[in-house]
Amino acid sequence: MAVWGLDSKRLKRRALAMLRWLLDPVRRTPVVVTSALLTLLLTVLIVNLIQPVDAAHAERSAGASASSTATVSARQFPKAHHSSKSKSSSPATKEQKKQQTKAKKVGSDGSSTQPIDWLKPSQQVDYPDPAAHPGLSLEVSLQDQRVYVRDGSQLLYTMYASTGMDDSTPRGSFRIQSERGDHFYNPGEGMGARYYTSFLNHGVFLFHSVPTDSKGGYIKEEADMLGIRPGSHGCIRLTVPDARWIMQSVPTGTPVLVK
């Protein structure tokens, strides 16, 4: 009890002393105010020291981010703002143009759908030599608007043609006749042609060039039908060089098949 009494008295004194200190505004106020001021000052100093560092770090980060974005964009889209073509793409481009041109000139049925150059041969190869092909024949396809030069079953040359409107070109097997010449003009039709060769009725049904007018000039509107659709009154129109080759080189008696 004595020990407990001493301890109790000591604790009481300490508790009363602390209570007086807490309740005494004269002693408490300076300490609290001083502590608050010190805390505020330290806070201001810390904020002022940290803010420039954060700002510099943020600026460096933004710059690095922008640089990274530019690099990625340039790597992903290296040609976005350049019109020059690489060498590797040129062949593909030429091939695409070639295929597009071919598609425009040849329809779904195999016939030409655009005007051809009727002042040039139909093919960029030499005409066959009749002397070297004893089985030479001319096959006219009304459906294809083509003339196929053959030796037996061998195809030697293909010509663009424009046959008779309203199925006016007779079908059947015929032969090249002796009537041929450099030029003719039909006043009833108001048209003529160059390099004609007869294959039926001795001058009535002919192979000849695209039409000419009364002055001998080629009629473009008629010529543009070549290889596309029928346009004649029964004759078989050809390019100028093709008609000249038949007139000059194909022998009389050569078989002609129109189908």
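The shown structure was predicted, so the numbers you read here are calculated from the model rather than taken from an experiment.

Engineer: Explain the overall build of the protein chain here, please?
Structural biologist: When its secondary structure is counted, the protein chain shows five helices and nine strands. Starting at the N terminus and walking to the C terminus, you meet the elements of the protein chain as α-α-α-β-β-β-β-β-β-β-α-β-α-β. The buried share of the protein chain, reckoned over its 259 residues, is 31%. Taking the contacts inside the protein chain whose residues are at least 6 apart along the sequence as the reference set, 61% of them involve residues at least 24 apart. Split by element, the accessible area of the protein chain, about 17000 Å² in all, is 59% carbon and sulfur.

Engineer: How should the pairing of strand S2 (residues 146-151) be read in this particular structure?
Structural biologist: Looking along a regular strand, one sees the side chains alternate between the two faces of the sheet. Summarising burial for S2: six of the six residues are buried, a large majority. On S2, burial covers both faces: Arg146, Tyr148 and Arg150 on one face and Val147, Val149 and Asp151 on the other are all buried. Here strand S1 (residues 136-141) runs beside S2; their pairing, made up of six bridges, is antiparallel. Paired with glutamate 139 across the bridge in S2 is tyrosine 148.

Engineer: Explain the nonpolar core to me, please; I cannot follow it from the model alone.
Structural biologist: Where a protein is soluble and globular, its nonpolar side chains tend to be buried together. Counting 32 residues, the largest nonpolar core has Val147, Phe199, Phe207, Leu238 and Val256 as its most contacted members. Per-element accounting of this core gives the leading share, five residues, to helix H5 (residues 240-249). Those residues in contact with valine 256 that sit more than four places away from it in its chain are Leu138, Val140, Gly172, Ser173, Phe174, Arg175, Ile176, Phe199 and Phe207.

Engineer: When you look at H5 in this model, what are you seeing that I'm missing?
Structural biologist: Note on helix geometry: an α-helix contains 3.6 residues per turn, so any two residues three or four positions apart are oriented the same way. With respect to burial, H5 is a largely interior element, seven of its ten residues being buried. Among all positions of H5, only Val240, Pro241, Asp242, Ala243, Trp245, Ile246 and Met247 are buried.

Engineer: Can you help me understand the sheet that holds strand S6 (residues 191-200) in this one?
Structural biologist: Spatially, the four strands line up as an open sheet ordered S5-S6-S7-S8, and their pairing is mixed. For this open sheet the edge positions go to strand S5 (180-186) and strand S8 (236-238), each flanked by a neighbour on one side alone. Here the average twist between neighbouring strands, direction ignored, is 40 degrees. In terms of strand pairing, S5 meets S6 through six bridges, oriented antiparallel. Each bridged residue has a counterpart across the sheet, and for histidine 183 the counterpart in S6 is arginine 194. In the packing of H5 onto the sheet, the strands contacted are S5, S6, strand S7 (205-209) and S8, and the crossing angle to S6 comes to about 40 degrees.

Engineer: When you look at the sheet that holds strand S9 (residues 255-258) in this model, what are you seeing that I'm missing?
Structural biologist: Within a beta sheet, neighbouring strands are joined by backbone hydrogen bonds and run either parallel or antiparallel to one another. Taken together, the five strands give an open sheet; going across it, the order is S3-S2-S1-S9-S4, and neighbouring strands pair in mixed fashion. Looking at strand neighbours, the two that pair on one side only are strand S3 (154-160) and strand S4 (172-175), the edges of this open sheet. Sheet twist, expressed as the average angle between the axes of neighbouring strands with direction ignored, equals 20 degrees. Across three bridges, S1 lies against S9 in parallel orientation. By the bridge assignment for S9, leucine 138 is matched with valine 256. In this fold H5 packs onto S1, S2 and S3, with an angle of close to 130 degrees to the strand it touches most, S3.

Engineer: I would appreciate a short explanation of the confidence of the model for the protein chain in the present structure.
Structural biologist: Atomic detail in the predicted coordinates should be set aside for any region of low pLDDT. Scored by pLDDT, the protein chain has a mean of 76; 61% of the residues are at 70 or more. Within the model, pLDDT remains below 50 along residues 1-5, and this stretch shows zero contacts once partners closer than five positions in the same chain are excluded. Counting interchain partners and residues more than four positions distant, the pLDDT-below-50 stretch residues 55-59 has zero contacts.

Engineer: What exactly am I supposed to notice about the side chain of arginine 150 here?
Structural biologist: Residue placement: arginine 150 occurs in strand S2. Within polar-contact distance, the side chain of arginine 150 engages the side chain of glutamate 139 at 3.0 Å. Residue contacts for arginine 150: discarding those within four places in its chain leaves Gly135, Leu136, Ser137, Glu139, Leu155 and Leu156.

About the cut-offs
- Residues numbered from 1 in each chain as written.
- Predicted model: local features only at pLDDT ≥ 70, side-chain atom pairs only at ≥ 80, totals over all residues.
- Heavy atoms only, no water.
- Helix = DSSP H or I, 4+ residues; strand = E, 2+ residues; numbered from the N terminus.
- Buried < 20%, exposed > 50% of the residue type's maximum accessible area, 1.4 Å probe, protein only.
- Contact = heavy atoms within 4.5 Å.
- Areas by Shrake-Rupley, 256 points an atom, 1.4 Å probe, with all protein chains shown as cover.
- Pairing = 2+ DSSP bridges.
- Core = buried A, V, L, I, M, F, W, Y, C linked by side-chain atoms within 4.5 Å.
- Axes fitted to C-alpha atoms, helices over the stretch in contact; angles between N-to-C directions.
- pLDDT = per-residue confidence, 0-100.
- Polar contact = N/O pair within 3.5 Å; in protein donor to acceptor, adjacent residues only side chain to side chain.

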